[in-house]
Amino acid sequence: MKMKRLVITVSGLAGSGTTTLCRNLAKYYGFKHVYAGLIFRQMAEEMGMSLPEFQEYAELHPEVDREVDRRQVEAAKEGNVIIEGRLAGWMVKEADLKIWLDAPLRVRVERVARREKKPYDIAFMETVEREKQNKKRYLNLYSIDIDDLSIYNLVIDTSKWYPDGVFEIVKAAIDHLVLDGDAGTGKKKEVE
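Here is a short report on the structure shown in this document. Model, not experiment: these values are computed from the prediction.

A separate point is the packing of aromatic side chains. Geometry of an aromatic ring pair is reported as the spacing of the ring centres plus the angle between the planes. Evaluated as defined, the whole model comprises seven aromatic pairs. Taken together through their ring pairs, the aromatic side chains of Tyr28, Tyr29, Phe31 and Phe167 make up a single cluster.

Glancing now at a nonpolar patch on the surface. A grouping of Leu105, Tyr120, Ile122, Phe124, Met125 and Val128 is seen on the molecular surface, where their side chains present a nonpolar patch of about 470 Å² in accessible area. By the secondary structure assignment, Val128 is in helix H7 (residues 120-142).

This part takes up unusual backbone geometry. In this model, Asn80 sits at a positive phi of 45°, which is unusual for a non-glycine residue. Along the chain, Asn80 falls in the loop between helix H4 (63-78) and strand E3 (81-84). With relative accessibility at 29%, the residue Asn80 sits in the partly exposed group. A positive phi angle is found at Ser143, which is not glycine, with a value near 60°.

With respect to the secondary-structure elements, Gln133 resides in helix H7. On the basis of relative accessible area, Gln133 is assigned to the buried category, the value being 11%. Here Gln133 is in contact with Gln55, Glu56 and Glu59, once residues within four sequence places are set aside.

Our focus in this paragraph is helix H6 (residues 105-116). When the terminal C-alpha atoms of H6 are compared, their 16 Å separation across 12 residues agrees well with the 16 Å that a helix rising 1.5 Å per residue should span. Buried residues of H6: Val107, Arg108, Val109, Val112 and Ala113, and no others. Of the surrounding secondary structure, the elements contacted by the buried residues of H6 are H7. At the exit of H6 stands Lys117, carrying a positive phi of roughly 55°.

What follows is about the sheet that holds E3. Within the open sheet, the five strands sit side by side as E2-E3-E1-E4-E5. Their pairing is parallel. In this open sheet, the two strands that pair with only one neighbour each are strand E2 (32-35) and strand E5 (154-157). Taken over all neighbouring pairs, the strand axes of this sheet differ in orientation by 20° on average, direction set aside. Against the sheet, helix H2 (residues 36-46) contacts E2 and E3, and its axis sits at roughly 50° relative to E2. Of the strands in this sheet, strand E1 (7-12), strand E4 (97-102) and E5 touch helix H8 (residues 163-175), which is tilted by about 170° from E5.

This paragraph deals with the packing of H6 against H7. With their axes 9 Å apart at the nearest point, H6 and H7 run at an angle of 115° to one another. Taken together, the axis directions place H6 and H7 in an arrangement best described as roughly perpendicular. Read as a crossing pair, H6 and H7 show a hand that is right-handed. Touching Leu105, Arg106, Arg108, Val109, Glu110, Val112, Ala113 and Glu116 of H6 are Tyr120, Ala123, Phe124, Glu126, Thr127, Val128, Arg130 and Glu131, all from H7. Of the residues contributing to the contact of H6 with H7, the split by class is eight nonpolar, one polar and seven charged.

Our focus in this paragraph is the environment of Thr158. On the secondary structure map, Thr158 appears in the loop between E5 and H8. Its relative accessible area of 5% is what places Thr158 among the buried residues. Between the C-alpha atom of Thr158 and that of Trp100, which follows or precedes it by 58 residues, the distance is 9.9 Å. Here Thr158 is in contact with Ser16, Leu101, Asp102, Ala103, Arg111 and Val166, once residues within four sequence places are set aside.

Another point: the pattern of salt bridges. Once the charged atoms of two side chains with opposite charge are near each other, the side chains can pair. As enumerated under the stated definition, the model contains 13 salt bridges in all. The salt bridge partner of Arg115 is Glu116, with a shortest N-O separation of 3.3 Å. For Arg115, a relative accessible area of 46% puts it in the partly exposed group. The salt bridge partner of Lys118 is Glu126, with a shortest N-O separation of 2.3 Å. Residue classification places Lys118 among the partly exposed residues on the basis of a relative accessible area of 27%. Of the residues examined, Glu126 reaches a relative accessible area of 29% and is grouped as partly exposed. If you follow the salt bridges from partner to partner, you end up with Arg115, Glu116, Lys118 and Glu126 in one network.

Reading guide: rules and limits
Residues numbered from 1 in each chain as written. Predicted model: local features only at pLDDT ≥ 70, side-chain atom pairs only at ≥ 80, totals over all residues. Heavy atoms only, no water. Phe/Tyr/Trp six-rings, centres within 6.5 Å; stacked < 30°, edge-to-face > 60°. Patch = residues over 30% accessible without salt bridge, like charges linked within 9 Å, V, L, I, M, F, W, Y side chains within 5 Å. Areas by Shrake-Rupley, 256 points an atom, 1.4 Å probe, with all protein chains shown as cover. Salt bridge = Lys/Arg side-chain N within 4 Å of Asp/Glu carboxyl O. Helix = DSSP H or I, 4+ residues; strand = E, 2+ residues; numbered from the N terminus. Buried < 20%, exposed > 50% of the residue type's maximum accessible area, 1.4 Å probe, protein only. Contact = heavy atoms within 4.5 Å. Expected span 1.5 Å × (residues − 1). Pairing = 2+ DSSP bridges. Axes fitted to C-alpha atoms, helices over the stretch in contact; angles between N-to-C directions. Parallel < 35°, antiparallel > 145°, perpendicular 65-115°, else oblique. Left-handed = near helix turned anticlockwise from the far one by under 90°. Nonpolar A, V, L, I, M, F, W, Y, C, P; charged D, E, K, R; others polar.

Quick look at the structure:
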């Protein structure tokens, strides 16, 4: 399939595997990878704040989220891009494929603790608190319930597969994506 200007969003909570998947997809397809979490962390650093401090700051300053979201939407206009972020699927409304990665809390916290080199109990408390703050902020700012997965084309529990398995599932979805028309008709249309 010839692909032109494809836009993919990948969303999920901390430790679900979004960054690993996005890096693999960007490398394989040669797409640009726009990472909302990195933008958020860079903004925290620019303000001289820790991530938890910046989370609290962002809760009181909606312009933070709006700037992150604006940068995602702008990047999507370029095409051939993978937009990674918890709200990416909501913000990039015209994405060709919207993916949500999930895993049980225990699994996600273990991954976060390993990645950030923190004890499990600390990672657990921080993860739960961050998710609680984010959920509240998204609801207040955009009226988005982050638990509503109805907008996603593909939802994957990443605790069931190794990263290469998750990549293969998503690769198959991308390679067989019908961008124009109705896949239920059985008719294929080549993308220009």
